[in-house]
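A closer look at the structure
Each chain, letter by letter, is given below.
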Amino acid sequence: TACAGTFVTFTATPTNGGTTPTYQWYNGASEISGETSDTYTTNSLVDGDQISVVMTSNATCISGNPATSNTLTMTINPLPSVSFSGLSASYCATGIPATLTGSPAGGTFSGTGISGNTFDPAAAGVGGPYTITYTYTNENGCTNTSTQDVSVTASVSVDYANLQWPPTGTIC
């Protein structure tokens, strides 16, 4: 059992393989092209894949040569679909902290300016873009993330005596 996209390594442990046994890995009845070592690593398995290996010994007088391993039928669990809301693309440094909502519930937020499920522009400080991440792990142990970028701009003092119309800049 593995999560979609996770690297899985299969290892052949030879018995009576001789000094230089050869290997060929299979998915069902199909050879896996180029997979001829005693290990096979992949992150592209799908649910129901059937992995086995055939070892050919170079030892003399060996019965059952080549030898076929047992077949492992893989259960591949999908990654959870993850998202979050409540974060704008930009905040003033003196802006009100934003409450973030992750979906599905139960994950964790991380990144500059994050405390629990709140983004505080004052804590983040002027700059960015800062990447805010929501991470969620489901009941199968599969983890996925959602990210959004946010920037924090400086607050500007306004000199009311010298206002012009139309305005020429942005004011936080």
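For the structure itself, consult the block above.
We now turn to the structure provided with this report.

**What about the state of the cysteines?**
Counted under the stated rule, the structure contains one disulfide. Each sulfur of the disulfide joining Cys3 and Cys142 lies 2.1 Å from the other. On the sign convention where negative means left-handed, the S-S torsion of about -95° between Cys3 and Cys142 marks this disulfide as left-handed. Of this pair, Cys3 sits in strand β1 (residues 2–3) while Cys142 sits in the loop between β17 (127–137) and β18 (143–153); the two residues are 139 residues apart in sequence, bridging distant segments of the chain.

**Let's talk about the side chain of Ser146**
Checked against the element boundaries, Ser146 lands in strand β18. Classification of Ser146 by relative accessible area gives buried; the value is 14%.

**Let's talk about the nonpolar core**
Soluble globular proteins: nonpolar side chains tend toward being buried together. Membership of the largest hydrophobic core comes to 17 residues, with the highest contact counts inside it found for Phe84, Leu87, Leu100, Phe109, Phe119, Ile132 and Val150. Residue assignment for this core shows that the elements contributing at least two residues are β17 and β18. For this core, the element with the most residues is β17, which contributes four residues.

**Focus: the sheet that holds strand β11 (residues 90–92)**
What the four strands build is an open sheet, ordered β11-β18-β17-β14; its pairing is mixed. Each edge of the sheet is formed by a strand with only one pairing partner; in this case those strands are β11 and β14 (108–110). The average angle at which neighbouring strand axes cross in this sheet is 30°, direction not considered. Alignment of β17 against β18, held across nine bridges, turns out to be antiparallel. Among the inter-strand pairings, Thr133 is bridged to a residue of β18, identified as Thr147.

**Brief notes about the packing of aromatic side chains**
Applying the stated rule across the entire model yields six aromatic pairs. Seen in terms of ring centroids, Phe109 and Tyr134 are 4.7 Å apart; in terms of plane orientation they differ by 40°. Their pairing is tilted. Here Phe109, found in strand β14, pairs with Tyr134, found in strand β17; they are 25 residues apart in sequence, far enough to count as distant. Both residues of the pair, Phe109 and Tyr134, belong to the buried class.

**Considerations on the sheet that holds strand β16 (residues 118–119)**
The sheet built from three strands is open, its strands ordered β12-β16-β15 with antiparallel pairing. For this open sheet the edge positions go to β12 (98–99) and β15 (114–115), each flanked by a neighbour on one side alone. Alignment of β12 against β16, held across two bridges, turns out to be antiparallel. Within β16, the position partnered with Ala98 by the bridge is Phe119.

**Remarks on the environment of Asn77**
Tracing the chain through its elements places Asn77 in strand β9 (residues 76–77). Through-space distance from the C-alpha of Asn77 to that of Tyr130 is 31 Å; in sequence the pair is 53 residues apart. Setting aside residues up to four positions removed in sequence, Asn77 forms contacts with Thr1, Ala2, Cys3, Ala4, Asn140 and Cys142.

**Topic: empty space enclosed by the protein**
For the structure shown, the criterion picks out one cavity of 30 Å³ or more. What the largest cavity holds in volume is close to 40 Å³. Along the lines of polarity and charge, the residues of the lining of the largest cavity split into six nonpolar, five polar and no charged.

**Observations regarding the environment of Gly107**
Assignment of secondary structure puts Gly107 in the loop between β13 (101–103) and β14. On the basis of relative accessible area, Gly107 is assigned to the partly exposed category, the value being 26%. If we skip the residues at most four places from it in the chain, Gly107 touches Tyr134, Thr135 and Tyr136.

Analysis parameters
- Residues numbered from 1 in each chain as written.
- Predicted model: local features only at pLDDT ≥ 70, side-chain atom pairs only at ≥ 80, totals over all residues.
- Heavy atoms only, no water.
- Disulfide = S-S within 2.5 Å.
- Helix = DSSP H or I, 4+ residues; strand = E, 2+ residues; numbered from the N terminus.
- Buried < 20%, exposed > 50% of the residue type's maximum accessible area, 1.4 Å probe, protein only.
- Core = buried A, V, L, I, M, F, W, Y, C linked by side-chain atoms within 4.5 Å.
- Pairing = 2+ DSSP bridges.
- Axes fitted to C-alpha atoms, helices over the stretch in contact; angles between N-to-C directions.
- Phe/Tyr/Trp six-rings, centres within 6.5 Å; stacked < 30°, edge-to-face > 60°.
- Contact = heavy atoms within 4.5 Å.
- 1 Å grid on protein atoms, 1.4 Å probe; cavity = no way out; pocket = protein on both sides within 12 Å on 5 of 7 lines; lining within 4 Å.
- Points joined across faces, edges and corners; volume = space filled by probe spheres on them.
- Nonpolar A, V, L, I, M, F, W, Y, C, P; charged D, E, K, R; others polar.

Don't take any of this as a statement about function, it's just geometry.
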